[in-house]
Amino acid sequence: MKMRCCFQRSFCSASSSLVPVQLPSPMETHFWYVLPDQVKSVSLLNQYMGLLSPIEKENVLSMPGHQLQKRALLARALVRTTIARYQINGHVDPRSLKFKKNIHGKPEVVWQSEDGWCQPHLHFNISHSSSMIACGVTSNSRIGIDVEEKQRKIKNNILAFARRYFSLHEIEYLSSISDSEVQHQEFIKLWTLKEAYVKALGKGFSAAPFKTFTIHVKTDYKRSFVLAEDLLFEASEIMVESLNDPKSLTSSWQFALLELVGSHYAAICMEKDKSIKVGMKVPVRLTAWKTIPFVEDECVSGTDAVIPIGGLIKL
Amino acid sequence: MASIAGASISMTSFSSSLKLTTQTSSIGISSLRSVSLPISGRSFPSLRLKKDASRFRVSCAAKPETLDKVCEIVRNQLALAPDAVVNGESKFVALGADSLDTVEIVMGLEEEFGISVEEETAQSIVSVQDAADLIEKLLEKK
């Protein structure tokens, strides 16, 4: 079951290297995360700083306070080192990667190739909470991710918040939950799923204000079973319905909801492969790594660190 | 000077070769994008003046009390340290706010000022000044 996973510990020397990884296959997501509390070495942080572009460095250093700077630094270091692992177009050095924002502000990689006709289709998206920074990667499929601490405090009354920002169906769902702790958890889960969808769309918040779409979670069944080498989790069926355009391409989006290291919810939204017929249920294949770039990569999908709690997920 | 000093202090854990960059970036506030001055102690005071000048220009749009109230709400939502600098130029993202924080801040402002902010407008609020200006605009309409 864990044959695809391997625990690699490589201690860095002056010429630190990243363990290369093959690109994800269709309908597969690679999920990389780093826990800032585990990164304490000043020399390592300096090494990460050395990977950044001048503008990125400026942005990091302009954050007020050490914790925020460290978080910003780790976010950029995670993105650069993660993409560099896939060694696309010979890009092995994280420093050599160039980024831009699309017209809506979504960050993308700028691939420089001589002929220009072979553009890699690597997609990525990052998210962070105060105690986790994550990066999701796919091939040929738009992706959005969001991570939130399960215990994150919501200053406003949850239902007041939902009435203000969520769709009618979602408000009804949250209102039906009597236990305040469960309501809080379901709120956070819903928020991460909605955020992940908007980020996957990559058209900015105004293209899909939260009130204009509903996340439906069908929990008629909940089972997991072993299929050959893989674990298949059918935690629930998660779908998105656009209220402006109910028949639109919402069926082309796939969701996965995870509980990470017992403390976080992570939502992944990715575009279904074009070859999949409408209505076909295809699981999201997921491989997750906990990483300290240049120091240690640990494959955690299939362990307690990554628990599928929503969607159709294959580990 | 407080904001510059703050940035310097936070940088001592990084290697000292980055100190110069620190000072560069702490001056390189987004509102001063067109300014590029050599880094030396002497240039700090004049930069400071420029910073205040731009603040003066912009705060004509929002009353100081409004701005202070917005700063307070932002501080509470983001649970910032008492010595963290929050002023008109502060961008929410630069203060460590994520999208959920921004939405909560807007809700807090709506409650405090008795206004209603459209969803699309809420997401376009990037800095404390943006929020204060929007509040003044909405209050005028009432």
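Residues numbered from 1 in each chain as written. Chains lettered and ligands numbered in written order. Predicted model: local features only at pLDDT ≥ 70, side-chain atom pairs only at ≥ 80, totals over all residues. Heavy atoms only, no water.

The criterion, for reference: UniProt positions are given in the numbering used here, feature names are shortened, and annotations may be inferred rather than shown by experiment.
By the naming in an unreviewed UniProt entry, chain B goes by Acyl carrier protein and is assigned to Hevea brasiliensis. Quoted verbatim from the Function (unreviewed entry) heading of the UniProt record, the comment on chain B is "Carrier of the growing fatty acid chain in fatty acid biosynthesis." What UniProt states about chain B under its Sequence similarities (unreviewed entry) heading is, verbatim, "Belongs to the acyl carrier protein (ACP) family."

An unreviewed UniProt entry lists chain A under the name holo-[acyl-carrier-protein] synthase, with Hevea brasiliensis as the source organism.

Quick word on helix α5 (residues 99-113) of chain B
Heads up, the condition is: The way it works is that DSSP assigns letters per residue, a run of H or I at least four long becomes a helix, a run of E at least two long becomes a strand, and they are numbered from the N terminus. For a helix, the expected span equals 1.5 Å multiplied by the number of residues minus one. In this scheme, a residue with accessible area under 20% of its type's maximum is buried, one over 50% is exposed, and one in between is partly exposed, where area comes from a 1.4 Å probe on protein chains only. Two residues form a contact once any of their heavy atoms are found within 4.5 Å. Contacts described as polar in this section are N or O atom pairs within 3.5 Å, which, within protein, must combine one atom able to donate a hydrogen with one able to accept it, while residues neighboring in sequence count only if both atoms come from side chains.
For α5 of chain B, with 15 residues, the first-to-last C-alpha span of 21 Å sits near the 21 Å given by 1.5 Å per residue. Judged by how many residues are buried, α5 of chain B sits mostly within the fold: twelve of 15 residues are covered. Regarding α5 of chain B, the residues found buried are Leu100, Asp101, Thr102, Val103, Glu104, Ile105, Val106, Met107, Gly108, Leu109, Glu110 and Phe113 of chain B. Each element contacted by the buried residues of α5 of chain B is listed here: β7 (143-149), α4 (158-165) and α6 (180-201) of chain A together with α4 (64-78), α6 (119-124) and α7 (128-141) of chain B. Its side-chain oxygen placed 3.2 Å from the backbone nitrogen of Leu100 of chain B, Asp98 of chain B serves as the N-cap of α5 of chain B. Gly114 of chain B, located one to two residues past α5 of chain B, shows a positive phi value of around 65°.

Quick word on the interface of chain A and chain B
Heads up, the rule is: Note on terms: buried area is the combined drop in 1.4 Å-probe accessible area of two parts once they are placed together, counting the loss on both. A pair is scored as a salt bridge if a Lys or Arg side-chain nitrogen falls within 4 Å of a carboxyl oxygen belonging to Asp or Glu.
Every contact between the two is made by 32 residues of chain A and, on the other side, 32 residues of chain B. With both chains or domains summed, chain A and chain B bury close to 2,800 Å², and 59% of this area falls on carbon and sulfur atoms. At the surface where chain A touches chain B, the tally comes to three salt bridges. Asp98 of chain B serves as the salt-bridge partner of Arg152 of chain A, at 2.8 Å between the closest nitrogen and oxygen. For the interface between chain A and chain B, the tally reads eight residue pairs in polar contact (both at pLDDT 80 or more). Broken down by element, the side of chain A that touches chain B gets its largest block of residues, five residues, from helix α3 (residues 66-85) of chain A.

Some points on the pairing of strand β5 (residues 122-129) of chain A
All names here are of chain A. Going by this rule: Strand pairing is defined by DSSP finding a minimum of two bridges between the two strands.
Relative to strand β6 (residues 132-139), β5 is paired through eight bridges, and the arrangement is antiparallel. Paired with Ser129 across the bridge in β6 is Met132. Hairpin connection from β5 to β6: two residues lie between these consecutive antiparallel strands.

Overview of the side chain of Arg164 of chain A
Along the polypeptide, Arg164 of chain A turns up in helix α4. With sequence-adjacent residues up to four places away left out, Arg164 of chain A is seen in contact with Lys211 of chain A together with Met107, Glu110, Val117 and Glu118 of chain B.

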